[in-house]
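Structural features, examined
Each chain, letter by letter, is given below.
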Amino acid sequence: MSQTDPLLIDIPERLDGPRTVLVAPRAGLGAEMAVVITQSLSHLRPWMPWAQEPPTAESAELVVRRMHADFIARRDLCYHLHARRSDGSAGRLLGGTGLHRMDWAVRRFEIGYWIRPEAAGQGHVSEAVGLLTALAFDRLAARRVEIRCDARNLKSRAVAQRCGFELEDVLRHDALGVDGVPRDTAVYARITG
């Protein structure tokens, strides 16, 4: 599989967990995404450079369509994170997640995630990380899956640890925070073998 062009890999557009459903971005979801991001700004601002101002429905729609194009091109595999309804369908939009910063030659992927504040602490993010980890190792032949976060983001670090990722290192002054101040990055990973 390591020689297969990523465009030829069938990657599911929906991943189902017991309480969580991940769905690839689709045109028409921008207005709903704008509302969820706006309601989550105070929760996201310290960590996410893209979540500093409320998006408009149009600007969020543009992002959703770019995410869809990147998914098809296998440049970035974003998913919308939903609560699962009792009938199995995707319910309330809770946030976003995905496999990012992919290196198809090495088979390295990075999992990212965010969730609206009122859904935090209910296990949805851990379930999403489990679904994406299984996708990466089982279907995409990953050799390495990472979770990187600001070293001060204790909730994000707890998710990585709870999902079986090992802390490899804390990279000092590895990134700029949203305030422009150098920040440390905690790097967690799981590998094959």
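This section reports on the structure supplied with the text.

Analysis parameters
- Residues numbered from 1 in each chain as written.
- Predicted model: local features only at pLDDT ≥ 70, side-chain atom pairs only at ≥ 80, totals over all residues.
- Heavy atoms only, no water.
- Helix = DSSP H or I, 4+ residues; strand = E, 2+ residues; numbered from the N terminus.
- Rg over C-alpha atoms; globule rule 2.2 N^0.38 Å.
- Buried < 20%, exposed > 50% of the residue type's maximum accessible area, 1.4 Å probe, protein only.
- Contact = heavy atoms within 4.5 Å.
- Areas by Shrake-Rupley, 256 points an atom, 1.4 Å probe, with all protein chains shown as cover.
- Lys, Arg positive; Asp, Glu negative; His and termini not counted.
- Charge placed at Lys NZ, Arg CZ, Asp CG, Glu CD.
- Core = buried A, V, L, I, M, F, W, Y, C linked by side-chain atoms within 4.5 Å.
- Phe/Tyr/Trp six-rings, centres within 6.5 Å; stacked < 30°, edge-to-face > 60°.
- Lys NZ or Arg CZ within 6 Å of the ring centre and 35° of its normal.
- Axes fitted to C-alpha atoms, helices over the stretch in contact; angles between N-to-C directions.
- Parallel < 35°, antiparallel > 145°, perpendicular 65-115°, else oblique.
- Left-handed = near helix turned anticlockwise from the far one by under 90°.
- Nonpolar A, V, L, I, M, F, W, Y, C, P; charged D, E, K, R; others polar.
- Pairing = 2+ DSSP bridges.
- Polar contact = N/O pair within 3.5 Å; in protein donor to acceptor, adjacent residues only side chain to side chain.
- Salt bridge = Lys/Arg side-chain N within 4 Å of Asp/Glu carboxyl O.

Quick notes on the overall build of the protein
Looking only at helices and strands, the protein features four helices and eight strands. Going from the N terminus to the C terminus, the protein shows its helices and strands as β-β-α-α-β-β-β-α-β-α-β-β. At 16 Å, the protein has a C-alpha radius of gyration in line with the 16 Å of a compact globule built from 193 residues. Counting only C-alpha atoms, the protein reaches 45 × 40 × 30 Å along its principal axes. Of all 193 residues assigned to the protein, the portion counted as buried reaches 48%. Pairs at least 24 apart in sequence give 62% of the contacts found in the protein among residues at least 6 apart. Counting every atom, the protein has about 9900 Å² of accessible surface; 52% of that belongs to carbon and sulfur. Seen as two clouds, the 26 positive and the 24 negative side-chain charges of the protein have centres 2 Å apart.

What about the nonpolar core?
Across soluble globular proteins, nonpolar side chains show a tendency to be buried alongside one another. Ranked by size, the top nonpolar core spans 38 residues in total, and within it Ile11, Leu99, Ile111, Val129, Leu140 and Phe165 carry the most contacts. When contributions to this core are tallied by element, the ones reaching two or more residues are β3 (77-84), β4 (90-103), β5 (108-115), α3 (124-139), β6 (144-150), α4 (154-162) and β8 (182-191). In terms of residue count, α3 provides more of this core than any other element does, eight residues in total. Excluding residues within four positions of it along the chain, Leu99 makes contact with Asp76, Leu77, Phe109, Glu110, Ile111, Leu132, Leu135, Ala136 and Leu140.

What to know about the packing of aromatic side chains
Applying the stated criterion to the full structure yields three aromatic pairs. Between Trp104 and Phe109, the aromatic rings sit 5.2 Å apart at their centres with planes inclined by 85°, giving edge-to-face as the arrangement. Above the plane of the ring of Phe165 lies Arg190, whose end atom (NZ or CZ) is 5.6 Å from the centre.

What to know about the packing of helix α1 (residues 30-44) against helix α2 (residues 57-73)
Running from N to C, α1 and α2 cross one another at 110°; their axes reach a closest spacing of 7 Å. As the angle between them shows, α1 and α2 are arranged roughly perpendicular. The handedness of the crossing between α1 and α2 is right-handed. Residues Gly30, Ala31, Met33 and Ala34 of α1 form the contact with α2, whose participating residues are Ala57, Ala60, Glu61 and Val64. Grouping the constituent residues of the contact of α1 with α2 by class yields six nonpolar, one polar and one charged.

So, the pairing of strand β7 (residues 166-176)
Relative to β8, β7 is paired through seven bridges, and the arrangement is antiparallel. By the bridge assignment for β8, Asp169 is matched with Val187. Hairpin connection between β7 and β8: a loop of five residues separates the two successive antiparallel strands, and Gly180 in this loop has a positive phi of roughly 85°.

Here we look at the side chain of Arg116
Looking at where Arg116 falls in the secondary structure, it is placed in the loop between β5 and α3. Its relative accessible area of 4% is what places Arg116 among the buried residues. Here the side chain of Arg116 touches Glu118 through a polar contact of 2.7 Å, side chain to side chain. When residues no more than four places from it in sequence are discounted, the contact partners of Arg116 are Val36, Gln39, Ser40, Arg92, Leu93 and Leu94.

Focus on the sheet that holds strand β2 (residues 20-23)
With mixed pairing, eight strands are arranged side by side in an open sheet as β1-β2-β3-β4-β5-β6-β8-β7. In this open sheet, the two strands that pair with only one neighbour each are β1 (14-16) and β7. For this sheet, the mean inter-axis angle between neighbouring strands, taken without regard to orientation, is 25°.

Some words on the pattern of salt bridges
Using the criterion set out here, one finds 14 salt bridges in the structure. Note that Asp150 is salt-bridged to Arg152, the shortest N-O span being 2.9 Å. Residue classification places Asp150 among the buried residues on the basis of a relative accessible area of 16%. Residues joined by salt bridges that share partners form a network here, namely Arg144, Glu146, Arg148 and Glu168.

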